[in-house]
Structure formats: structure tokens, C-alpha cells
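In case you want the letters, here they are:
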Amino acid sequence: MNRYICIHGHFYQPPRESAWLEAVETQDSAAPFHDWNERITAECYASNASARILDDQGRIAQIVNNYARISFNIGPTLLSWMEHAAPTVYQKVLDADRESQERFGGHGSAMAQAYHHSILPLANSRDKKTEIRWGVADFRQRFGRDPEGMWLPEAAVDLETLELLAAEGLKFAVLAPYQARCIRKLGTQEWTDAHDGQIDTTRVYLQKLPSGQSIALYFYDGTVSRAVAFERLLHRGEDLVDRLIGAFSESKTPQLVHIATDGETYGHHHRFGEMALAYALQHIETHSLARLTNYAEFLALQPPEYEVQIAEQTSWSCFHGVERWRSDCGCNSSSQVGWNQAWRAPLRSALEWLRDETATAFAQVAAQVFHDPWAARDEYIRVVIDRSNDSIEGFLARHTVAGKKVDRVLALRLMELQRYSLMMFTSCGWFFSEISGIETVQVLQYAGRVIQLAQQLFGVDFEPTLLLHLAKAPSNLVEQHNGALIYERQVRPVVIDMVHVAAHYALTSLFDGQAGRNALYCYRVEQRDQRLLVSGRTRLVLGKLIVTSQITGEQLSLTYGALHLGAQTLLGGVRPNGDDARFDTLVRAGIAAFQRADLADVIHLLSEYYGRLEYSLRSVFRDQQRTILAALMVGTLAEVEEAYHDLYTQHVSLMRFLADVGVPLPAEFQVAAVFTLSAALRRAVEVDEPHAEVIAALIEEARQAGVQFTTSEAALAMRRTLDRLAFTFAEAPTDQRRLQRFAHAAAVSRTLPFDVNIWAAQNVYYDVHAQTMPEMQSRAQRGDSRARRWIEQFQLLGEQLRFRVGS
């Protein structure tokens, strides 16, 4: 077979972690999910790991891992998040690469990516090298093999970048068709013009490099790729098959039809796109329309016969080369009339200035710590991946100046300064339309962290000059003014230090005591002493603790005191190195004042010891702030719910009459009925054995009252119940009782007047079917009546979960 097909997905999200907490905090715009990483994982990354193939009646016939049959890269920073936040999906990605090696002649489908998704042609040589080396090292650590190819962020390319790829042993990269300048057959002299996409994309090409090295390059089919990304080609899997097969010519020579798009196209940008992809891949294979492959296998099977020269300083998402990331070129993500991106050049200039100024200071100080500071930076990725003590000690032993006592905190701060200097240039900061967008604010956060580390390391404050640069970056929004104001409003307030960490700990201790808790984001907290007093809604906490950064190893001892006066009123103070007799006196006097309910004296004592009590609920990190507010609102919401319930029960007969005669319910009645019935339905589905009759009665009551449920909370509650029972069943799948409870909940979910997400439950069913059904069928054939009953019940469950059963 001379027809090959390769589909490449570039899976990536802008990093969203706080520059100080090393974690993603709540993002309300991603609701009902915690953050955008979580939301897109549900819509895309997880769904491609367990993609459904349906029969002609819309029932699930098969669940497949798309990653195993396509070519893909997943951004290292996204994989790092996924490893901890979505470990099941992460493992399926790793499994897919191993499966693809078996499928594609020993060549895995995963490709590496330059680490921080910066535009490499715009980076200096040193940063290019580090980004590539970090991408290779991260890949090797996760996938357990050397990468054969590397995805260049935004497919942005120049010859120096390709030289560095080749120097690291990488064999190929993937570009857009209009990134080729000219081609010729190997061994010939005459070049053929290939600009504007005039290149045969079904071949692999060889780019010879000035150093004498070379690298293979693929140029994807731009027409079909655009149709997949923007023209609803994923609406039907059959359409995708037709376009892919239609891209072959009548030539008898080997051809590779290959496309490349953002991986999020399959499920996030186009709902159910992962299902169209799964169908297309299966259809192509089962009907022998072409041979599926990946880039590494095709390169081994069909070495380049043609040579190419690239168009330097080009990318796949900017028609002006790489200007989208340094100038107002016209490429943007918005159709807002009158907007421009004049802020891009000043922003890049500002961050390049900060990088270069801190690099000069870094080189001077780091030379006293590391025998080769830049080589140390290149290998620091091993610490970023594994921050265990052994990993850090090994890194320091290899790179610090021999014979000198190592200042561990100094060494790690120097490396973190460089890590954040690289992160400042994440491409997403320039890609969109407005400088005040979350992606650009994120890179400004990284600049804020660079400034903080530089102040600690060199005693120099770079912030005033940076602000002068940022003031030249105009916002399109009058109220945002420019980059300097955006930095002051959105970056400076979120900068934290060890004292802020202690303040957060103190304030949250008012509610949970932090008993036995020692991990707080990227910090470790050792509680040395704590006194928590409660009187009604008033609480006082006093204590001592040691805060240690798990990133740099810096450590600080502090005392804290915090007071909750009821509602949202919290007051707190923190004092570094406060382990003294005065604190013991404060504890005794504070406890005595609290016990006699003299809150004015408690506040006076705290203020006298800590100075101004500057910490409040606003000082609590976002996720815990939401948790505290939710707890504080419990009583209030209960009162509201009771009031609505009373209003509804008193007037329900009138509501039914109005509905019966076709008179619209007054808004007050409508709100009371919706609130009361929705709350009752939510409670009814939260239990392990939802009562079908009660739920049916509530649905009928809502119909008679002429109201519609608010579905989001009840649907989420039903999903959680179903997922809980599914996972419990998976722990002991032959347990008849667990199977019955799972099946009962699945049946109830089908009766609700709204859709319930049963995706996770379906995955459990499919896995159990593969792992347990053969054993149960064998037992049933041997006359085991319990096994026969299990099979019957399990098949009924499959029908409830919309599987094709018994065929």
C-alpha cells in the first residue's frame, strides 16, 4: 500500500499557574469547572483518550484511545499539570505512545515540544537552546524514550532553530506549506519556487543546514487542515474520511496525506470532534483505504528524495511571518472595530529589557556558585520535573563550584530567576487582541516573579524601569490605559512572600485549625504551636509556624494571630521571627480577653503586638477564600431556602390552579417554586440509592406547578452519584450488590427531565466489560447461576448507559 495518512494534533494550553503558588487557582470563566485546564481536559484531552464510536442507532459500539493512532504533541507545561490534576488521562497518553510503537514499527507517535511555547525565532540563541533541551529532557522523562521529532511552537522557524534541533538528535519537524521557499530533487542543481504553499505536501523533505547537518521537514496539507479546524469538516466522520482520501493523487509512488491542527479542535473547538476522528481512523483502517502512520515511521520507510529551503522567520498562524508576537501586524483573535495591537512591540521590548538586565546580574553572581551557569540552567529541568531532595542534591553536586560551601537557597533562586525569565516569553502573551487579557497578564505575572527574585538576589528593584517600558504599551480599553496600569492593578496585588503564606495559613486556621496539614501549594508549613478558641460565631487563633518554600528551600519562622468577628470580617497579623517572650504574653492575655468576651481588648492586644492588622479575607488565596465564603453562607442560604419553601407550600395549590388555567405565574411564585423543587430534586439524587418514586413525584409536581427545574446543580449531583457508584463497582465488579446500585442509579438518570453526564460511568462499564465479562461468561457456561444473573444485570446496565449490548 502506497497511501499513508497521518493526523497530527498539537495539544497545548497557556500555563495558568500562579507564579507564586505554582498551582492553578479558580477561574470563574471556566465554570462549572474549576479552571480552563480542567474544562478543556473534560471536553478534549480526556475525550480523545476514551473516544466513542457509535453504531447506526447511536449506541456505543467501541471506546478507543485516539492518541494511539495519530501523531501528537502535548505541551510540557500542560503535561506537568495533567500528571497531578488528571492522572488517569495522563496515563492514557503515555499508554498511547507505547501502543503506537507497537502499531507503527517501533516508532512512537508522541513528539516533543520546545518547553515554554515561546516563539523560537524571536528568542536569543541561549534561550532557544534551553527551550529545546528542556523539551527533550521533559519528553524523555515522561515517555521513557528519546523523541524523534519536535513540534515548534506556532510552527515558527528559522535556520538556527533547526540547527539546534539537529544538534540535539531530533530527526524532523512539521511546518505549514507556505513555510517552504523552494525545493529540488536531491542530487540536482535547479531549485523550484515553492512560496505561497506551492509544494507537494505528500512528501518528506530534507533541509540541509549551514553546519553540515540536516533535518527532515514535513509540510502539512493546509487545505484539509483548515477545513478540519474552521469549516465543520468534523460534523460527520464520513466527511473527514472523504476529504483525506480525496487528497491522494493517482500517483503510484508512496504518498503521505497529513494534516496538523490544534488538538483542541477535536472536542473543545468542535463538540464531538473526537468522535468524528475516532470514526474516521477506524473506517480508514477497517476498509483498507490507506495505511495509518506517524511521522517517525514514514521517515524510516520513505527517506527524503527532495531537498527544501525554508522561508525563515515564518509560522503557521501569522501571514506576516512572526510579527504577531512582536508588532501590530493585523493578525489577532478579535473582530472589535478600532482595536489594534500596538502594545505588542513595547511589551516584548519591556520583557527583553528585563531578561537582559537580570541576565547580566545573574552571570556575575552565578559564576560564584556554578562552574558553568548556563549549562546548569540547561539541566535545571531535571529539578523542575523532580523537586525531591535527592534530585536537588544531585543537581547541585554536578554543577556548583567544587570546594565551595553551597548556599542552596541562593543557587535555587538563581535557577528560578532563569526559569521565570524563560516563562515571560510564552507565546500566548502576544497572540490575542488585548494586553489586559488573561494570557498577557499571566506573562506579566512571570515578570513580577523575576523582579521579586532579582530583588532578593541582587538587591536591585527593576520594577520602576519596567513600568516605564510598559507605559508605552497602550490598551484598547480606556479604563485599562496601558501595560503599566495593568501591571499595577493585576500583578502587584497577587505578589506574595513567606509572610503572606503565613497570613493565609493563620486566617484559614480560624475555620479548620489546619490540624496535621503541612502542605500548602508549593510551601511546607510546620505548625509549632496553636491555640484556637471558639465562642459562637467568634473565633481566635494564635500560633507559631515555620514556612518553607519547596521551590527554593528558603525558610522563615513566624508567629500569627487572627480573629473572626462573624460574617466575612476577619482580622489577622503575622510577625517574622517572633518566637519571643512577648508572644507568650500575648497568648495569655489574648485568651483571657477572649474568654471574658472582651473583643475590643483582643483587637487591641493583637494590634499592639503585630501593628496594623492588615490581613483580611481578601488575603486568603482564591480557592480557600471561596471555601470559606461558602461555609459562611451556609446558614444564610438555609434561611433563604426555608423562606422559599414556606412561600411555596403555602401557595402551591394556587400555583397549580394558575398553571391549569394558563395564567403565567407571578415572578415571586416562579422563583419560590423553582428554588424549592430544584433543591428537593438535588437532594433526592445525591443519595447512593436515588428513590425513583420520589423523583417522579417531584417531576410531576413541577409540571403541575408550571415550572422548570434549574438543572445545573441537580445534573451535577446526579453525575457525582453515578460516578461514585461506578467507581465503587469497579473496585469489586463481581459484587452483585454494587452492580445493582450502579444499575439503579443509571436507570434513574434516564428519567430526569435533563441530560446527565454519564461519560465516566460509561468508561467504567467499558473497562469492566473488557476485564470481567470473559470470566463471568466462562463461569456461566460452567453452570454458575450467579454469573448468569450478573451477566443479565450487567447487560441491562449497558443498555441504560447507551451501549450496544449482545452483538
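This text goes with the structure placed above it.
Residues numbered from 1 in each chain as written. Predicted model: local features only at pLDDT ≥ 70, side-chain atom pairs only at ≥ 80, totals over all residues. Heavy atoms only, no water.

1. Observations concerning the overall build of the protein chain
Here comes step 1: Scanning the protein chain for helices and strands turns up 28 helices and 19 strands.
Here comes step 2: Computed over C-alpha atoms, the radius of gyration of the protein chain comes to 30 Å, within 12% of the 28 Å expected from 2.2 N^0.38 for 807 residues, which places it in the range of a compact globule.
Here comes step 3: With 807 residues in all, the protein chain has 54% of them scored as buried.
Here comes step 4: For the protein chain, the proportion of contacts with a sequence separation of at least 24, taken over those separated by at least 6, is 69%.
Here comes step 5: If you sum the accessible surface of the protein chain, you get close to 34,800 Å²; carbon and sulfur atoms cover 49% of it.
Here comes step 6: Here the protein chain holds 80 positive side-chain charges and 96 negative ones, and the gap between their average locations is 2 Å. (Helix = DSSP H or I, 4+ residues; strand = E, 2+ residues; numbered from the N terminus. Rg over C-alpha atoms; globule rule 2.2 N^0.38 Å. Buried < 20%, exposed > 50% of the residue type's maximum accessible area, 1.4 Å probe, protein only. Contact = heavy atoms within 4.5 Å. Areas by Shrake-Rupley, 256 points an atom, 1.4 Å probe, with all protein chains shown as cover. Lys, Arg positive; Asp, Glu negative; His and termini not counted. Charge placed at Lys NZ, Arg CZ, Asp CG, Glu CD.)

2. Focus on the packing of aromatic side chains
Here comes step 1: Summed over all chains, the structure comprises 33 aromatic pairs.
Here comes step 2: A ring pair is formed by Y609 and Y610, whose centres lie 4.7 Å apart and whose planes are at 85°; its orientation type is edge-to-face.
Here comes step 3: For Y610, a relative accessible area of 11% translates into the label buried.
Here comes step 4: Where Y644 meets F675, the ring centres are 4.8 Å apart and the plane angle is 40°; that geometry is what we call tilted. Remark: F675 occurs in helix α23 (residues 667-685) and Y644 occurs in helix α22 (residues 622-660); sequence separation between them is 31 residues.
Here comes step 5: We note R126 situated over the ring of W374; from NZ or CZ to the ring centre the distance is 3.7 Å.
Here comes step 6: One Lys or Arg, R203, reaches over the ring of Y306 and ends 4.0 Å from the middle of that ring. (Phe/Tyr/Trp six-rings, centres within 6.5 Å; stacked < 30°, edge-to-face > 60°. Lys NZ or Arg CZ within 6 Å of the ring centre and 35° of its normal.)

3. Details of the pattern of salt bridges
Here comes step 1: A full pass over the atoms with the stated rule returns 55 salt bridges.
Here comes step 2: For E393, the salt bridge identified is with R408, shortest N-O distance 2.5 Å. With E393 in helix α13 (residues 389-399) and R408 in helix α14 (residues 408-423), the pair connects residues that are 15 residues apart, well separated along the chain.
Here comes step 3: Taking the relative accessible area as the measure of exposure, R408 reaches 26% and is therefore partly exposed.
Here comes step 4: For the salt bridge of E700 with R703, the shortest nitrogen-to-oxygen distance reads 2.6 Å. Pair noted here: E700 and R703 are both in helix α24 (residues 692-705), with a separation of three residues, about one helical turn.
Here comes step 5: For E700, a relative accessible area of 31% corresponds to the partly exposed category.
Here comes step 6: Residues joined in a network through salt bridges with shared partners are D688, E689, R724, R737 and R741. (Salt bridge = Lys/Arg side-chain N within 4 Å of Asp/Glu carboxyl O.)

4. With respect to the nonpolar core
Here comes step 1: Membership of the largest hydrophobic core comes to 97 residues, with the highest contact counts inside it found for L351, L354, F370, F458, L466, L470 and V547.
Here comes step 2: In contact with V547, other than residues within four places in its own chain, are M498, V501, A502, Y523, R524, V525, E554, Q555, L556 and L558.
Here comes step 3: One finds I40, L170, F172 and F298 within the second-largest nonpolar core, a separate group that totals 96 residues. (Core = buried A, V, L, I, M, F, W, Y, C linked by side-chain atoms within 4.5 Å.)

5. Quick notes on the sheet that holds strand β9 (residues 192-193)
Here comes step 1: Judged by pairing direction, the sheet is mixed, and its six strands sit side by side in the order β7-β11-β10-β14-β8-β9 without closing on themselves. Because the sheet does not close on itself, it has two edges, and the strands there are β7 (172-175) and β9.
Here comes step 2: Across the sheet, helix α5 (residues 159-167) touches β7, β10 (204-208), β11 (214-219) and β14 (306-310), and the angle it forms with β11 is around 115°. (Pairing = 2+ DSSP bridges. Axes fitted to C-alpha atoms, helices over the stretch in contact; angles between N-to-C directions.)

6. Overview of the packing of α14 against helix α16 (residues 438-458)
Here comes step 1: Interaxial distance between α14 and α16 falls to 9 Å at its minimum, and their mutual angle equals 155°. One finds that α14 runs roughly antiparallel with respect to α16. By crossing handedness, the relation of α14 to α16 is classed as left-handed. Here L410, R413, L414, E416, L417, Y420, S421 and M423 of α14 lie close against α16, whose contacting residues are V443, Y446, R449, V450, L453, A454, Q456, L457 and F458.
Here comes step 2: A class-by-class count of the residues in the contact of α14 with α16 yields 12 nonpolar, two polar and three charged. (Parallel < 35°, antiparallel > 145°, perpendicular 65-115°, else oblique. Left-handed = near helix turned anticlockwise from the far one by under 90°. Nonpolar A, V, L, I, M, F, W, Y, C, P; charged D, E, K, R; others polar.)

7. What about a nonpolar patch on the surface?
Here comes step 1: On the surface, L654, F657, V661 and V663 cluster together to form a nonpolar patch covering roughly 340 Å² of accessible area.
Here comes step 2: Positionally, L654 belongs in helix α22. (Patch = residues over 30% accessible without salt bridge, like charges linked within 9 Å, V, L, I, M, F, W, Y side chains within 5 Å.)

8. Section: the sheet that holds strand β15 (residues 519-520)
Here comes step 1: Reading across from one edge, β15-β16-β17-β18-β19 is the order of the five strands in this open sheet, with antiparallel pairing throughout. Of all the strands in the sheet, the pair left with one neighbour each is β15 and β19 (570-576).
Here comes step 2: Looking at chain direction, β15 and strand β16 (residues 523-535) are connected through two bridges and run antiparallel. Its bridge partner being in β16, L520 is matched across the sheet by Y523.

9. Structural notes on the pairing of β14
Here comes step 1: Counting buried positions over the five residues of β14 gives four, a clear majority of the element.
Here comes step 2: For β10 and β14, the ladder comprises two bridges, and the chain directions are parallel. Of the residues in β14, the one forming a bridge with L206 is E307.

10. Brief notes about helix α3 (residues 87-103)
Here comes step 1: Between its first and last C-alpha, α3 extends 24 Å over 17 residues, near the 24 Å set by a 1.5 Å rise per residue.
Here comes step 2: Residues of α3 that are buried: V89, Y90, V93, L94, A96, D97 and S100. Down the axis, α3 shows its buried residues gathered within 145° of arc, on one side only. In α3, the exposed positions that point more than 90 degrees away from the buried face belong to T88 and E102.
Here comes step 3: Structurally, α3 contributes buried residues whose contacts are with α1 (36-49), β4 (71-74), α2 (76-85) and α4 (125-143).
Here comes step 4: Positive phi appears at G105, one or two residues downstream of α3, with a value of about 60°. (Expected span 1.5 Å × (residues − 1). Arc of directions from axis to C-beta.)

Function cannot be read off these values alone, since they describe shape.
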